[in-house]
Amino acid sequence: MLSAPIDQKTVRQLFARPEKILGSDFLRREIAGRMREKLELVKIQPERVLDAGCGDGADLAHLQKIFAGAHVLGADASPQMLAAALQNQRVAGSSVGRLLAKWTPPALARSLRSQNEGLACADFARLPLAANAVDLVWSNLALHWHPQPDLVFAEWRRVLRTEGLLMFSCFGPDTLIELRQAFAGIDELPHTIPFVDMHDFGDMLVNAGFSTPVMDMEKITLTYDAIDKLIADVRALGGNPLLTRRTGLMGRRAWQKLCDAFDKMRSADNRVPLTFEIVYGHAFRPAPKKISSGEAIIRLDLHKKPPP
């Protein structure tokens, strides 16, 4: 099931220059922090963690700090972002690692040494991992770049162990709504992804075999003095990977119409708003109810007395 005509080759090209993506990293770091707060409410001690859509590896370091004894893996579709993640790991390992070597617990030291072995360039829906390979799948603002999130959920369930946890965030339908409104007066082409509603994600999780998914949503509004800075941040977040997107350059007249449309949105403090709807989800892979032959599994509580 396609959520949108997203061209995955274009997605990889949009993320091929990590230095351009850095301009929007403030939003990813903010959402990652909010995800970690939610993760604190779940009592798990994973042995293996997968960051699906790890980018330049910023979340890998935080996950390793939270789960010091775990082996933290990273997967991303962009070879350039993975190269940046590897470089960041090497810098951290050569400076901070040496400085703290004699105070670092042995389990953490082993994990730090093994991090460079855990980066893979891969499609979210075709991970190079065996079934039941990880205890936690973490994905921060990455899922909306895939055209088939239902297949991604099925793959994430496959690599999770029984009672393993999936935790993710992505953009929802009201993301960049001001941008869509501004472009509406210029052409009828789509200038943003038609982001998936959180209720549809919940249905996909259930259909993929996850138990009791919990979905949540909040809106974050950024404001800008300059319209060119707003557009630069939108591009830094990944831009437009749709097959149906505008392919030519915008002319001066169209740019002025776009600026005029944004100017009409300015608030009392003369700033232009830009909305981001953030969808959060988490769910567990449940224990199987049937064995491979199709027979049902009935669990008995031996400590519970039968009814009179």
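One can find the structure itself at the top, above this paragraph.
Residues numbered from 1 in each chain as written. Predicted model: local features only at pLDDT ≥ 70, side-chain atom pairs only at ≥ 80, totals over all residues. Heavy atoms only, no water.

Enquirer: What am I meant to see in unusual backbone geometry here?
Expert: Of all residues except glycine, most have a negative phi; of all peptide bonds, most are trans. The phi angle at Thr-212 is positive, at roughly 40°, despite the residue not being glycine. When you line up the elements, Thr-212 lands in strand S6 (residues 211–224). With phi around 70°, Asn-270 is a residue other than glycine that occupies positive phi space. Relative to the helices and strands, Asn-270 resides in the loop between helix H11 (252–263) and strand S7 (272–284). Overall, the relative accessible area of 48% leaves Asn-270 in the partly exposed class. (Helix = DSSP H or I, 4+ residues; strand = E, 2+ residues; numbered from the N terminus. Buried < 20%, exposed > 50% of the residue type's maximum accessible area, 1.4 Å probe, protein only.)

Enquirer: I tried to follow the sheet that holds strand S2 (residues 71–76) on my own but got confused; where do I start?
Expert: Within a sheet, neighbouring strands are paired by backbone hydrogen bonds and run either parallel or antiparallel to one another. Read across the sheet, 7 strands follow the order S3-S2-S1-S4-S5-S7-S6 without closing on themselves; strand pairing throughout is mixed. The outermost strands of the open sheet, each flanked by one partner alone, are strand S3 (119–121) and S6. Strand-to-strand, the axes of this sheet are offset by a mean angle of 15°, without reference to chain direction. Where strand S5 (residues 160–171) lies against S7, 7 bridges are found, and the strand directions are antiparallel. (Pairing = 2+ DSSP bridges. Axes fitted to C-alpha atoms, helices over the stretch in contact; angles between N-to-C directions.)

Enquirer: Quick question: what am I supposed to make of the environment of Gln-89 here?
Expert: You can see Gln-89 is positioned in helix H5 (residues 79–99). Among the residues examined, Gln-89 registers a relative accessible area of 12% and is labelled buried. As a C-alpha pair, Gln-89 and Asp-56 span 33 residues in sequence and 9.3 Å in three-dimensional space.

Enquirer: Explain the nonpolar core here, please?
Expert: As a rule of thumb, soluble globular proteins bury nonpolar side chains together. Judged by nonpolar contacts, the single largest core of 53 residues is most densely connected at Ile-31, Leu-39, Phe-67, Phe-171, Leu-230, Phe-262 and Phe-276. The contacts of Leu-230, once residues within four sequence positions are left out, are Tyr-224, Phe-262, Val-272, Pro-273 and Leu-274. Judged by nonpolar contacts, the second largest core, of 31 residues, contains Phe-153, Leu-166, Phe-168 and Val-196. (Core = buried A, V, L, I, M, F, W, Y, C linked by side-chain atoms within 4.5 Å. Contact = heavy atoms within 4.5 Å.)

Enquirer: So what exactly am I meant to see when it comes to the packing of aromatic side chains here?
Expert: The relative placement of two aromatic rings is captured by the distance of their centres and the angle of their planes. Going through the model one piece at a time under the given rule, you end up with 8 aromatic pairs. Ring geometry for Phe-153 and Phe-201: centres 5.9 Å apart, planes at 80°, overall edge-to-face. Taken together, the residues span a long stretch of sequence, with Phe-153 in helix H7 (residues 149–159) and Phe-201 in helix H9 (residues 198–208) at a distance of 48 residues. Measuring from ring centre to ring centre gives 5.8 Å for Phe-171 and Phe-195, while their planes differ by 85°; the resulting arrangement is edge-to-face. Of this pair, Phe-171 sits in strand S5 while Phe-195 sits in the loop between helix H8 (177–183) and H9, and the two are 24 residues apart along the sequence. Note on accessibility: Phe-171 and Phe-195 belong to one class, buried. (Phe/Tyr/Trp six-rings, centres within 6.5 Å; stacked < 30°, edge-to-face > 60°.)

Enquirer: What's the story with the pairing of S5 in this structure? I'm lost.
Expert: The side chains of a regular strand alternate between both faces of the sheet. By the criterion of burial, S5 is predominantly enclosed, with 9 of the 12 residues buried. Of the strand pairs in this sheet, strand S4 (residues 134–140) and S5 are connected by 6 bridges, and their pairing is parallel. Looking at S5, one finds that Trp-138 is bridged to Met-167. Handedness of the crossover joining S4 and S5 through H7 is recorded here as right-handed. (Right-handed = clockwise from strand over helix to strand, strands pointing away.)

Enquirer: Looking at this model, I keep getting lost on the packing of H7 against H9. Mind explaining?
Expert: Each pair of packed helices can be described by the angle between their axes along with the distance between the axes. Interhelical geometry of H7 versus H9 gives an angle of 45° and a closest axis separation of 9 Å. One element, H7, and the other, H9, form an angle in the oblique class. In this structure, H7 meets H9 at a crossing whose hand is right-handed. Only Phe-201, Met-204, Leu-205 and Ala-208 of H9 make contact with H7, whose side of the interface consists of Pro-149, Asp-150, Phe-153, Ala-154 and Arg-157. Of the residues in the contact of H7 with H9, the class split is 7 nonpolar, no polar and 2 charged. (Parallel < 35°, antiparallel > 145°, perpendicular 65-115°, else oblique. Left-handed = near helix turned anticlockwise from the far one by under 90°. Nonpolar A, V, L, I, M, F, W, Y, C, P; charged D, E, K, R; others polar.)

Read these as layout, nothing more, since geometry by itself doesn't imply function.
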